[in-house]
Amino acid sequence: MGASDHLQGSIQILDRLGTRRAQDEAAERAALLAGLRNTPASLSPKYFYDELGCALYGAICRLPEYYPTRTEIALFQQYRAEIAQAIGSGKQFVDLGAGDCCKAESWLPFLAPSRYVAVDIAGPEITRALTRMAQEFPGVPMLGVLTDFSRTLDLDEALTKEPVTFFYPGSSIGNFTPDEACAFLRQVQALCAVRPGSGLLIGVDSKKDKARLDAAYDDALGVTAAFNLNVLLHVNRVLGSDFDVRGFRHRGFYNAEAGRVEMHLEATRAQSVCLDGVARPFAAGERIHTENSYKYLAEEFASLLCSAGFADLSHWQAPGPDYTVFYARP
Ligand SMILES: C[S@@+](CC[C@H](N)C(=O)[O-])C[C@H]1O[C@@H](n2cnc3c(N)ncnc32)[C@H](O)[C@@H]1O
């Protein structure tokens, strides 16, 4: 183990974020500042997931309007045996963007993995979840990999030579542009290709009626608004900036032409924010683009998987079709 890695009970944590911070903090900070100074301003959705952001995401998943989580879980339950048979058992199970690990938890009894690897940028969330998982599955070695996979999926050290089942649920792939998604899937494919018997189980939300998508990302209780606005508090901690949360409002809507839901924070009044000692004026109505969530027809996503080098695809669909789960092999 390296200096930034540690053992916590029976759980091992590989902290690639600590290594990154040490090597590269200035570049991370510069990228965040550059996005916020741009017109239009933007930031990476990876900044959503501080402690409060993870809790708010958990609350979003329980909202009546937010159908993707419920739909995906229902698909997993309905086709559990068939999907488990396609995947096989006894492989490494690698959960990308694992969060609270609840979705993976439901698969462990059916896949009997040789080890469970939870990959995420949110350290405290992963450590908490793995502590729970280790008690429930004492026979399964647990590894947490704290990393930012938006740059590179650096898992060589974390994986053994055994076959791997990658698990990427929640339609999180939609946070990448289609080109970025293809590049990310290529990295997963490459890790699969050198470990025969490997594959990717991935959930993908479909293009659909604008009213349903608008409601899913702008709920009546305002939980998604709180999730979006909370990113400003996180950015204030990272940059030492002075964003006033009350000076912005949440915007979340489906852009049918682009095939994606967009989330923005819109200035409610003209104001100035101090970014690294330099004032950044925001006009009333000016927006910070905080997230895209691309939606795919099943055939569009199948074609993306093929472009990334996956050749053998199976899929399961929710009525609508609202949502698709793919199992893809090289
Ligand atoms: C939408 S949540 C999905 C959580 C869970 N897999 C589910 O389906 O309910 C996205 C997860 O990906 C993690 N994440 C976001 N950006 C990341 C990045 N660049 N690198 C690693 N993890 C990231 C977040 O911390 C969060 O736990």
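Please refer to the structure placed before this passage.
Residues numbered from 1 in each chain as written. Predicted model: local features only at pLDDT ≥ 70, side-chain atom pairs only at ≥ 80, totals over all residues. Heavy atoms only, no water.

Comments concerning the packing of aromatic side chains
Applied cut-off: Stacked, tilted and edge-to-face are the three classes applied to pairs of Phe, Tyr and Trp rings, where Trp contributes its six-membered ring and a pair requires centres within 6.5 Å; stacked means planes under 30 degrees apart, edge-to-face means over 60, and tilted covers the rest. A run of H or I in DSSP counts as a helix once it spans at least four residues, and a run of E counts as a strand once it spans at least two, with each numbered from the N terminus. Any residue under 20% of the maximum accessible area for its type is buried, any over 50% is exposed, and the rest in between are partly exposed; the area is computed with a 1.4 Å probe on protein chains only. Lysine and arginine charges are scored as sitting over a ring when NZ or CZ, respectively, is within 6 Å of the ring centre and within 35 degrees of the ring normal.
One pass over the structure, following the stated rule, counts 19 aromatic pairs. Note on Y168 and F184: the rings are 5.4 Å apart at their centroids and 40 degrees apart in plane angle, and the pair reads as tilted. Separated by 16 residues along the polypeptide, Y168 in strand β7 (residues 164-168) and F184 in helix α7 (residues 178-193) bring together distant segments of the chain. Like F184, Y168 is buried. In this arrangement the basic side chain of R80 is found over the ring face of W107, its NZ or CZ atom lying 4.5 Å from the centre. Positioned above the aromatic ring of F282, the side-chain terminus of R280 is 4.1 Å from the ring centre.

Details of the site of the ligand
To keep it simple, the criterion reads: Residue proximity to a molecule or strand is established when one non-hydrogen atom of the residue lies within 4 Å of it. Polar contacts here mean pairs of N or O atoms no more than 3.5 Å apart (in protein, one a potential hydrogen donor and the other a potential acceptor; neighbouring residues in sequence count only if both atoms are side-chain atoms). Calculation of accessible area relied on Shrake-Rupley with a 1.4 Å probe; when residues are assessed, cover is drawn exclusively from the protein chains displayed. As a working rule, the residues Ala, Val, Leu, Ile, Met, Phe, Trp, Tyr, Cys and Pro are called nonpolar, Asp, Glu, Lys and Arg charged, and the rest polar, with Gly in that last group.
Of all residues adjacent to the ligand, which total 17 residues, the nearest are G97, K103, D120, D148 and F149. At a separation of 2.7 Å, a nitrogen atom of the ligand approaches a polar backbone atom of G97. D148 is positioned with one of its side-chain polar atoms (N or O) 2.8 Å from a nitrogen atom of the ligand. For the ligand, the protein covers 91% of the area, taking 590 Å² as the surface of the free molecule. Tallied by class, residues from the shell around the ligand come to 7 nonpolar, 6 polar and 4 charged.

Quick word on the sheet that holds strand β9 (residues 248-255)
Two modes of strand pairing occur in sheets, parallel and antiparallel, and in both the strands are linked by backbone hydrogen bonds. Here is the rule: Any two strands with at least two DSSP-identified bridges between them are counted as paired. We call two residues in contact when some of their heavy atoms are within 4.5 Å. For helices, the fitted axis covers only the stretch in contact; all axes are lines through C-alpha atoms, and the angles between them, taken along N-to-C directions, range from 0 to 180 degrees.
Strand order across the open sheet formed by 4 strands is β3-β13-β10-β9, with mixed pairing between neighbours. Each edge of the sheet is formed by a strand with only one pairing partner; in this case those strands are β3 (41-42) and β9. Where strand β10 (residues 260-267) lies against strand β13 (residues 287-294), 7 bridges are found, and the strand directions are antiparallel. Pairing of E266 across the sheet is with R287, part of β13. Sheet strands touched by helix α9 (residues 223-239): β9, β10 and β13. Its angle to β10, the strand with the most contacts, is close to 60 degrees.

Examining unusual backbone geometry
Cis peptide bonds are those with omega within 30 degrees of zero, and the linkage from T39 to P40 qualifies with -5 degrees. Its location among the elements puts P40 in the loop between α1 (16-37) and β3. Positive phi, normally seen in glycine, also occurs at S171, with a value near 55 degrees. Inspection of the secondary structure assignment puts S171 in the loop between β7 and α7.

Some words on the pairing of strand β14 (residues 312-317)
Alignment of β14 against strand β15 (residues 323-329), held across 6 bridges, turns out to be antiparallel. Bridged to W316 within β15 is V325. The hairpin turn running from β14 into β15, its antiparallel successor, is 5 residues long, and G320 in that turn takes a positive phi close to 135 degrees.

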